[in-house]
Every structure is written in C-alpha cells, then in structure tokens.
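# What the coordinates show
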Amino acid sequence: MRLLLLGCSGFVGRELVPFLLELGHEVTLVSRQAQPFPALVGKRLSCIRLDPADPASWAHNGLEAAVAQAEGVVNLAGEPIAERRWTPAHCELLLQSRVRTTELLVAALARQERPPGVLVNGSAVGFYGSSLEARFSEASPAGRDFLAQICQRWEAATNPVPPACRLVTLRIGIVLGPDGGALGKMLPVFRMGFGGPVGSGRQWMSWIHRHDLCRLIATALEDSAYSGTYNAVSPEPTTMGLFAAALGKALGRPSLLPVPGPILQLLLGDGAQVVLEGQQVLPERLLAQGFPFQYPKLSAALAAATNPAPH
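Heads up: these notes are all about the structure in this document.

The rules behind these values
Going along each chain's sequence as written, the residues are numbered from 1 onward. Local features in this predicted model are restricted to residues whose pLDDT is 70 or higher, and side-chain atom pairs enter the listing and the counts only when it is 80 or higher, whereas totals over whole chains, interfaces and linings include all residues. Excluded from the side-chain calculation are hydrogens and water; included are all heavy atoms of the structure. Stacked, edge-to-face and tilted are the three classes for Phe, Tyr and Trp ring pairs, Trp counted by its six-membered ring, which pair at centre distances within 6.5 Å; planes under 30 degrees apart are stacked, over 60 edge-to-face, the rest tilted. The buried label applies to any residue whose accessible area, calculated with a 1.4 Å probe on protein chains only, is under 20% of its type's maximum; exposed applies above 50%, and partly exposed to all values in between. Should the NZ of a Lys or the CZ of an Arg lie within 6 Å of a ring centre and within 35 degrees of the ring normal, that charge is described as sitting over the ring. Here a salt bridge means any side-chain nitrogen of Lys or Arg lying within 4 Å of a carboxyl oxygen belonging to Asp or Glu. In this description a helix means any DSSP run of H or I spanning at least four residues, a strand means any run of E spanning at least two, and both kinds are numbered starting from the N terminus.

## Let's talk about the packing of aromatic side chains
A complete count under the given rule lists five aromatic pairs for this structure. On the numbers, 5.3 Å between centres and 80° between planes, the contact of F127 with Y128 is edge-to-face. F127 gets classed as buried once you look at its relative accessible area, which sits at 9%. Aromatic side chains Y128 and F136 sit 5.2 Å apart centroid to centroid with 15° between the ring planes, which places their arrangement in the stacked category. According to the relative accessible area criterion, Y128 is buried, its value standing at 3%. Exposure remark for F136: the relative accessible area of 10% places this residue in the buried category. The structure contains a cluster of three or more aromatic residues connected by ring pairs, namely F127, Y128 and F136. Just above the ring of W154 sits the side chain of R98; from NZ or CZ to the centre is 5.2 Å. We note R171 situated over the ring of F127; from NZ or CZ to the ring centre the distance is 3.6 Å.

Here it is, written out as structure tokens:
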C-alpha cells in the first residue's frame, strides 16, 4: 500500500517505519525533523518536513499530493505526555498537537475525490481516567481528568472522516521498548540496582510491547475486518509494583527502592500523573478478533525489551 504517516518519527516510529517497509509498503513520512531515518530513505520511503499541526502545512503541494495518493494513513501525532511540567502553555500544546493535527488531516481526507481507504488514528488508555478498582473495555465511558479530555477531543476530531475511509482508533497503553518511553527511562536506574516501584506501586499499568503495536497497526491497515475503537494493550495488565519486580528479575538486579511520588511531582509536575495513576484496561475487541499477540505476557515482553534481538 501507499501509506502516509504522521507522528511516526519518534519512539514508535523507529520500529514502525522499517517494519512497514519490510512488509513491502511505500511510505511517505510527515515530520518536523529534517530526516528522521536517513539510512532508510530510498525508493519506498520519502519524507516531507512540515508541522502537521500548522494549517499552513496543509496548503503545501507536497502534503496535499501525498494525501491524494495515499491508500492508507497512520496518525500518531502528539507531543509526549510525561516529558515536561504541565504548565498552561504546555497543556495547550499537548492538546493541540493531537486535536489540531487530526482535524486538519481529516479535512484533507474529506477534500479528496477518492480518499484513502483506511485511517489508523492514535488515542490512549488515558481516555478512561484512572482507577485502582475498575476494569475498562472499549465500551467503558470516558473519564473526567485532563488526559481523558484530551483523548475525547482527539477521538472526536475523527468524526468527520469520509464514509469511504475505514476508521480504526487505537487507545494505546504504555509502550514497552528499550530505547524510549517509560521503560527507556527506567532501564538505566534498574541496571544500576537502584530501581523500584514508582509511587504506591498499586497503580495499574496497561502496556503493550512496541513490536505488537507495530504489528497491530499493520494489521489494521491491511485487514478490513478491523474497524472502530480498540484497546491497544496486552491481555495482561499489571501493577507498578509487579512491573518493577518483573523488570528487576529480567535484569538480574534488585528492585527494592521505591521512587516516592512527591519526587516525581517535583520533576514533572502534573505530568507525574501518567505514572502515579493508571487504569486496568483489557483488549476485549482484539481478543474477540483473534489478534495474535507475540508478547501477551509481561515476563516475555520485558525479556525481549531488555535484550532486544531482530524480529
């Protein structure tokens, strides 16, 4: 397929882009970076350097042509949630980098005489809010906190997708990989023997190995049976305490030193909410459709992520 990718030049994209190329797809990548994957550029990967959250970018001939030629679109665009303190300005950036990009993309799809056949659009398990007791499926209602509001507006921005374009919304959990995300930040500390649960350790972590997320995105692009909203998480959610113990075991290191919540809040402000609070999310629709997780179990996922080998 001819694919257009937005927001795929970071942690997930580092595996997704080469994976889609290996599968034989032709990829046009929209990124604010000049050349995210210099080693891969060739006849089946091209890059357009634009900011997809800027309306002026969509007047660019190259981007309009890429939309017109695309058979499938993947949109994961959005500023990282837990990288910086949530000042009012940063909160607005977290929201608009997702919502504005999606609104502008969907408007571009609607302008096409023959729009792409499928849009795989990101969202997050933060949609459900946080809870120590509740279990959430795709049918569960939205939460009320800031992250839930972002996810609701992000998903609502896809409502005007043209009928000819199959929409797949992925509510993505914590993505596990060795070179970024939450695990990437934890690995150096755990390898030194100073790791442990963050906060109370009782909060839920709904996670997915990055390779399974890439496989899910590819499946959603190729298989017309995938439509609507899916929880992009493994079937085995865990708690932060159990996650820390499993990570220590995978590395052969102790995991006894808890990271107090107040220290994280000093570093990240409200952004600490992402790791101090969580939700138990189940991939009911993926299980019902028989999606074959390669890493359904946390121990295997951590073993693969801490000793990565080519897939």
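## Here we look at the pattern of salt bridges
Within this structure, the stated rule accounts for nine salt bridges. Residues R210 and D179 are paired through a salt bridge, measuring 2.9 Å at the closest nitrogen-oxygen approach. One end of the pair, R210, is in helix α6 (residues 210-222); the other, D179, is in the loop between β8 (174-176) and α5 (181-191), with 31 residues separating them in the sequence. On the basis of relative accessibility, which here comes to 35%, the residue D179 falls in the partly exposed class. With a closest N to O distance of 3.4 Å, E236 and K297 form a salt bridge.

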